[in-house]
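# Summary of the model geometry
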Amino acid sequence: MKIDSLTTNEKIVLAQQLWDSVAANEDSLDVSTKQKSELDRRVAEYESDGNNGSSWESVKSRILNK
């Protein structure tokens, strides 16, 4: 298959199919102990922060006002 010969829509469908196939087998993804520790640290930091970020309305407003 020559990817360059695909239309944009065909490329999007292919990318989605690839992602779905990876997600279906997520248990087979190898995550190192170091990576897992970092992910756990980030989740803990997020949960303890109490700041859930900006609302969509706020983000959209900032984007549109630039």
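Please refer to the structure higher up on the page.
Just so we're clear, the structure is a prediction, and the values are computed from it rather than from any experiment.

Rules of the game
Residues numbered from 1 in each chain as written. Predicted model: local features only at pLDDT ≥ 70, side-chain atom pairs only at ≥ 80, totals over all residues. Heavy atoms only, no water. Helix = DSSP H or I, 4+ residues; strand = E, 2+ residues; numbered from the N terminus. Rg over C-alpha atoms; globule rule 2.2 N^0.38 Å. Buried < 20%, exposed > 50% of the residue type's maximum accessible area, 1.4 Å probe, protein only. Areas by Shrake-Rupley, 256 points an atom, 1.4 Å probe, with all protein chains shown as cover. Lys, Arg positive; Asp, Glu negative; His and termini not counted. Charge placed at Lys NZ, Arg CZ, Asp CG, Glu CD. Salt bridge = Lys/Arg side-chain N within 4 Å of Asp/Glu carboxyl O.

Looking only at helices and strands, one finds three helices and zero strands in the chain. When the helices and strands of the chain are read in sequence order from the N terminus, they spell out α-α-α. A compact globule built from 66 residues would reach a C-alpha radius of gyration of about 11 Å, whereas the chain, at 19 Å, exceeds it by more than 25%. Considering only C-alpha atoms, the chain reaches an extent of 50 × 45 × 15 Å along its principal axes. Each of the 66 residues in the chain was classed as buried or not, and the buried ones make up 0%. Of the roughly 6,500 Å² of accessible surface on the chain, 54% is carried by carbon and sulfur atoms. Seen as two clouds, the 9 positive and the 12 negative side-chain charges of the chain have centres 9 Å apart.

If you trace the backbone, Ile12 turns up in helix α1 (residues 8-24). Judged by relative accessible area, Ile12 falls into the exposed class, the value being 52%.

Under the definition given, this model contains four salt bridges. Linking Asp40 and Lys36 is a salt bridge whose minimum nitrogen-to-oxygen distance equals 3.1 Å. Placement of both Asp40 and Lys36 in helix α2 (residues 33-49) is noted, with a separation of four residues, approximately one turn of the helix. Overall, Lys36 belongs to the partly exposed group, its relative accessible area being 47%. Where Glu38 meets Arg41, a salt bridge forms, and the shortest distance between an N and an O atom there is 2.6 Å. Residue Glu38 and its partner Arg41 are both found in helix α2; the two are separated by three residues, about one turn of the helix. Exposure remark for Arg41: the relative accessible area of 41% places this residue in the partly exposed category. Here the residues in one salt-bridge network are Glu38, Arg41, Arg42 and Glu45, joined through shared partners.

Spatial relationships are all this shows, so hold off on functional conclusions.
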